[in-house]
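Okay, here's what each chain looks like letter by letter:
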Amino acid sequence: MGFGRSDRRRRSAPDPVALKLLVAGGFGVGKTTLVGAVSEIRPLRTEEPLSEAGRPVDDIHGVEAKSTTTVAMDFGRITLREDLVLYLFGTPGQDRFWFLWDELAQGALGAVVLADTRRLEDCFAAVDYFERRGIPFTVAVNVFDGATQHATETVRDALDLDPHVPVVMCDARDRASAKQVLITVVEHAAKVAADRREPAAT
């Protein structure tokens, strides 16, 4: 039996491009929530209950209601287009787990740095990390209920970001909002990669 043209097209369709993104930020900023909101598979989580033993090293100021913490990573997957799949790796937020970041960052196309304007200083370390390693990133301000909202340029100035770094508002609980953040990261990373390929002007 012969194959029709549609069968040949299906057989020759290229595999989708798979890209790796990191979701970083301070403790309790919404990384696990964002990954869970957009993942089309049941997300892998490595959360453990906060304990009395961890109180001296885990700063829960501003997130007193938080009862668990990520101790390794969160993992999820989302298909942005038929030919583009994103694998999401949520990083742990506390200093004592930062030894995992270098391994998680290997092969990453880009990153989301989630920020909470009530505790903006908590994302300084993530911003520094990606800047030093040349990994393109987007700052996504997670708008918490009851928190004062600030203009994106105010956040940019407070974090001392380069003009080309995107700053967007988001609700990490909302799939559409979180998905738009990921699209912004991919577009920004693609532009950075294209700029790096361009020969220097003579």
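Before reading further, recall that the structure is shown in the block above.
Structure report, in brief. Computed from a predicted model, the values in this text were never measured in an experiment. (Residues numbered from 1 in each chain as written. Predicted model: local features only at pLDDT ≥ 70, side-chain atom pairs only at ≥ 80, totals over all residues. Heavy atoms only, no water.)

### Examining the overall build of the protein
Helix and strand content of the protein: 6 helices and 8 strands. When its helices and strands are written in sequence order, the protein yields α-β-α-β-β-β-β-α-β-α-β-α-β-α. Per-residue burial over the protein gives 43% buried out of 202 residues. As displayed, the protein offers around 11400 Å² of accessible surface, 51% of which is attributable to carbon and sulfur atoms. (Helix = DSSP H or I, 4+ residues; strand = E, 2+ residues; numbered from the N terminus. Buried < 20%, exposed > 50% of the residue type's maximum accessible area, 1.4 Å probe, protein only. Areas by Shrake-Rupley, 256 points an atom, 1.4 Å probe, with all protein chains shown as cover.)

### Focus: the pattern of salt bridges
Once the charged atoms of two side chains with opposite charge are near each other, the side chains can pair. Evaluated as defined, the whole model comprises 10 salt bridges. Asp116 is paired through a salt bridge with Arg118; the nearest N and O atoms lie 2.9 Å apart. On the basis of relative accessibility, which here comes to 43%, the residue Arg118 falls in the partly exposed class. Three or more residues joined by partner-sharing salt bridges are found here, namely Asp116, Arg118, Arg119 and Asp122. (Salt bridge = Lys/Arg side-chain N within 4 Å of Asp/Glu carboxyl O.)

### Things to note about the nonpolar core
The biggest cluster of nonpolar side chains holds 26 residues, and the ones touching the most others in it are Leu22, Val113, Phe130, Phe137, Val139, Leu159 and Leu161. The set of elements that each furnish at least two residues to this core consists of strand S1 (17-25), helix H3 (101-105), strand S6 (110-115), helix H4 (124-133), strand S7 (137-142) and helix H5 (152-159). When residues of this core are assigned to their parent elements, the largest contribution, 4 residues, is made by H4. Beyond its immediate sequence surroundings of up to four residues, Phe130 is in contact with Leu22, Ala24, Trp101, Ala111, Val113, Ile135 and Phe137. Counting 23 residues, the second largest nonpolar core, distinct from the first, contains Leu34, Val35, Ile78 and Ala140. (Core = buried A, V, L, I, M, F, W, Y, C linked by side-chain atoms within 4.5 Å. Contact = heavy atoms within 4.5 Å.)

### What about the side chain of His188?
Tracing the backbone through its elements, the reader meets His188 in helix H6 (residues 175-197). On the basis of relative accessible area, His188 is assigned to the buried category, the value being 8%. In contact with His188, not counting residues within four places along its chain, are Pro136, Phe137, Thr138, His164, Val165 and Pro166.

### Here's the deal with the sheet that holds S1
If you walk across this open sheet you meet the 6 strands as S4-S5-S1-S6-S7-S8, and the pairing is mixed. Two strands in the sheet have a free side with no partner beyond their single neighbour: strand S4 (74-81) and strand S8 (167-170). The sheet shows a mean angle of 30 degrees between the axes of neighbouring strands, taken without regard to direction. Sheet topology note: the S1/strand S5 (residues 84-90) ladder contains 7 bridges and is parallel. If you follow Val23 over to S5, its bridge partner there is Gly90. H6 contacts S1, S4, S5, S6, S7 and S8 of the sheet and is inclined by roughly 80 degrees relative to S4. (Pairing = 2+ DSSP bridges. Axes fitted to C-alpha atoms, helices over the stretch in contact; angles between N-to-C directions.)

### Points about the packing of aromatic side chains
Under the definition given, this model contains 6 aromatic pairs. Each ring, one from Phe130 and one from Phe137, has its centre 6.2 Å from the other, and the planes form 35 degrees; the classification is tilted. In this pair, the class of Phe130 matches that of Phe137, namely buried. Taken together through their ring pairs, the aromatic side chains of Trp101, Tyr129, Phe130 and Phe137 make up a single cluster. A cation over an aromatic ring shows up here: Lys20 above the ring of Phe89, its NZ or CZ 4.8 Å from the ring centre. Arg118 extends its terminal NZ or CZ atom over the ring of Phe144, reaching a point 4.6 Å from the ring centre. (Phe/Tyr/Trp six-rings, centres within 6.5 Å; stacked < 30°, edge-to-face > 60°. Lys NZ or Arg CZ within 6 Å of the ring centre and 35° of its normal.)

### Observations regarding the environment of Ala147
For Ala147, the location among the structural elements is in the loop between S7 and H5. In this structure the C-alpha to C-alpha distance between Ala147 and Thr117, which are 30 residues apart in sequence, comes to 7.7 Å.

### Comments concerning H5
Taken as a whole, H5 has its buried residues at Val155, Arg156 and Leu159. Down the axis of H5, the buried set is contained in an arc of 100 degrees. They therefore lie on one face. Those residues of H5 hidden inside the fold are in contact with H4, S7 and S8. Where H5 terminates, the next one or two residues include Asp160, which has phi positive at roughly 55 degrees. (Arc of directions from axis to C-beta.)

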